[in-house]
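Examining the three-dimensional arrangement
Each chain, written out:
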Amino acid sequence: MDNKKSIQEYFLQESQEDDPAPDRPATSSLSSYRLSTRFPDPEDEGGLHIAIWGTPESGKTTYIATLYRQLVTNPRWNLESVLTNTDDARWTGELYNRLKQHGVFPDDTRRGQHKFLRFKLLDGEREVARFTFLDAPAEMFLNPEGYDARYKTGDPLEYLRKCHGLILLVDPDDPDGAETEALTRTLSGITRALLRSKPVALCLTKCDLPDMRGLLSGDQERIRDFVRQRLSPELVAFVDRTVEAQHWFACTSLGYITGLPPNTYTRFNGRPGFRTEFPLTPINVEQPLEWLVGLLDR
């Protein structure tokens, strides 16, 4: 499944099936797919390279599933897998199917379970960028040398030094401050690697929560004020000091229905899930990537 037509047919076929009961478990295994577990070398490959990563609990795996679907169903873009010997497209399509058809959120990405999903973004037949989704735990960036020594991934900071831009997903709901601490520590290493001149798109996820829906308008000062108040004023100041080309985004992978609470609930096995009787209506998930492409593809 390495061309847009077959990917689109896959999604259309899945969307036409009747949704099963919300508590019905998904039966296919995501562990059987062939996926890359080592960083690519952007300098060897050439072209524009964009990395996508998210802090703990930011919903990064759900984000990549909905981003992928938004791109392959957008008439402007074509998507191709970078590697022909991996199952990046099939894995991502199955992930989206689990979410839409079964209401199953992905498992947390644990240490040693990292994977790198790699795609070419094409405008017609012209490649405009390559993006790599880093489905990896925070330890990869908090202790890059130790993680590489144990799992042979390659140096994540060296990879980011060679990338041309970064999308960083941020969980905006951080009542105990753990997210802000992890984010600041991670950003410290990442921004040193990216250098000040490289653009960074910072994207607040899960903005289907009622008190965050207003952020989806994209107003920069409103989002920055929210981050100052809900996360940390030092975080905004840190980004301002270390990243010259930056833009804040707010998105939701699930969408929402006005007047209703967020579309999540506790499943039969105690894990959070998604009510399949309501449609998935992602908002703004493709905007960070399109912003970076607009800056870099000149």
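Attention in this report is confined to the structure presented alongside it. (Residues numbered from 1 in each chain as written. Predicted model: local features only at pLDDT ≥ 70, side-chain atom pairs only at ≥ 80, totals over all residues. Heavy atoms only, no water.)

1. Things to note about the overall build of the chain
- Counting its secondary structure elements, the chain contains 11 helices and nine strands.
- For the chain, the proportion of its 298 residues judged to be buried stands at 54%.
- Contacts in the chain between residues at least 24 apart in sequence constitute 81% of all its contacts with a sequence separation of at least 6.
- Accessible surface for the chain amounts to roughly 13,300 Å². Of this, 46% is attributable to carbon and sulfur atoms. (Helix = DSSP H or I, 4+ residues; strand = E, 2+ residues; numbered from the N terminus. Buried < 20%, exposed > 50% of the residue type's maximum accessible area, 1.4 Å probe, protein only. Contact = heavy atoms within 4.5 Å. Areas by Shrake-Rupley, 256 points an atom, 1.4 Å probe, with all protein chains shown as cover.)

2. Some thoughts on the packing of helix α3 (residues 60-72) against helix α4 (residues 88-102)
- Put simply, α3 and α4 touch, their axes get as near as 9 Å, and they point 105° apart. Classified by the angle between their axes, α3 and α4 sit roughly perpendicular to one another. In contact with T61, T62, I64, A65, T66, Y68 and R69 of α3, α4 contributes A89, W91, T92, L95, Y96 and L99.
- Among the residues forming the contact of α3 with α4, the class breakdown is eight nonpolar, four polar and one charged. (Axes fitted to C-alpha atoms, helices over the stretch in contact; angles between N-to-C directions. Parallel < 35°, antiparallel > 145°, perpendicular 65-115°, else oblique. Nonpolar A, V, L, I, M, F, W, Y, C, P; charged D, E, K, R; others polar.)

3. Quick notes on helix α10 (residues 233-242)
- Along α10, the residues that are buried comprise L235, V236, F238, V239 and T242. Looking straight down α10, one finds that the buried residues subtend no more than 160° of arc, so they occupy a single side. Among the exposed residues of α10, those oriented more than 90 degrees off its buried face are E234 and R241. (Arc of directions from axis to C-beta.)

4. Remarks on the pairing of strand β3 (residues 115-123)
- In terms of burial, β3 is largely enclosed, as eight of its nine residues are buried.
- Two elements, β3 and strand β4 (residues 126-135), share nine bridges in a ladder whose sense is antiparallel. Paired with K115 across the bridge in β4 is D135. (Pairing = 2+ DSSP bridges.)

5. With respect to the packing of aromatic side chains
- One pass over the structure, following the stated rule, counts six aromatic pairs.
- Arranged with centres 4.8 Å apart and planes meeting at 50°, the rings of Y68 and F119 form a pair that is tilted. One end of the pair, Y68, is in helix α3; the other, F119, is in strand β3, and 51 residues separate them in sequence.
- With relative accessibility at 1%, the residue F119 sits in the buried group.
- Taking 4.6 Å as the distance between ring centres and 45° as the angle between the ring planes, the aromatic pair formed by Y147 and Y151 counts as tilted. Of the two residues, Y147 and Y151 both sit in helix α6 (residues 144-151), four residues apart, roughly one turn of that helix. (Phe/Tyr/Trp six-rings, centres within 6.5 Å; stacked < 30°, edge-to-face > 60°.)

6. Brief notes about the nonpolar core
- Residues L121, F131 and I167 are the most contacted members of the largest nonpolar core, which totals 40 residues.
- Take this core: its biggest share by element is seven residues, from α3.
- L121 has contacts with L71, W77, N78, L79, R126, E127, V128, A129, F131, L289 and V293, leaving out every residue within four places of it along the chain.
- Counting residues in hydrophobic clusters, the runner-up holds 34 residues, among them A51, F141, L204 and M212. (Core = buried A, V, L, I, M, F, W, Y, C linked by side-chain atoms within 4.5 Å.)

7. Structural notes on the sheet that holds strand β1 (residues 49-54)
- Read across the sheet, seven strands follow the order β2-β3-β4-β1-β5-β6-β7 without closing on themselves; strand pairing throughout is mixed. Edge positions in the sheet fall to β2 (77-81) and β7 (246-250), since each has one partner strand and no second. Neighbour to neighbour, the strand axes of the sheet diverge by 25° on average, direction disregarded.
- In this sheet, β3 lies alongside β2 in antiparallel orientation, the contact comprising five bridges. Its bridge partner lying in β3, W77 is registered against D123.
- Running at roughly 160° to strand β5 (residues 165-170), helix α11 (residues 287-296) makes contact with β1, β2, β3, β4, β5, β6 (200-204) and β7 of the sheet.

8. Thoughts on the side chain of S232
- For S232, the location among the structural elements is in the loop between α9 (220-231) and α10.
- Judged by relative accessible area, which is 10%, S232 ranks as buried.

9. Some points on the pattern of salt bridges
- One pass over the full model with this rule turns up 17 salt bridges.
- In this structure, D211 engages R230 in a salt bridge whose closest nitrogen and oxygen atoms are separated by 2.4 Å. Taken together, the residues span a long stretch of sequence, with D211 in the loop between β6 and α9 and R230 in helix α9 at a distance of 19 residues.
- Among the residues examined, R230 registers a relative accessible area of 28% and is labelled partly exposed.
- With a shortest N-O distance of 2.5 Å, R228 and D225 are connected by a salt bridge. With R228 and D225 both in helix α9, this residue pair falls three residues apart, about one helical turn. (Salt bridge = Lys/Arg side-chain N within 4 Å of Asp/Glu carboxyl O.)

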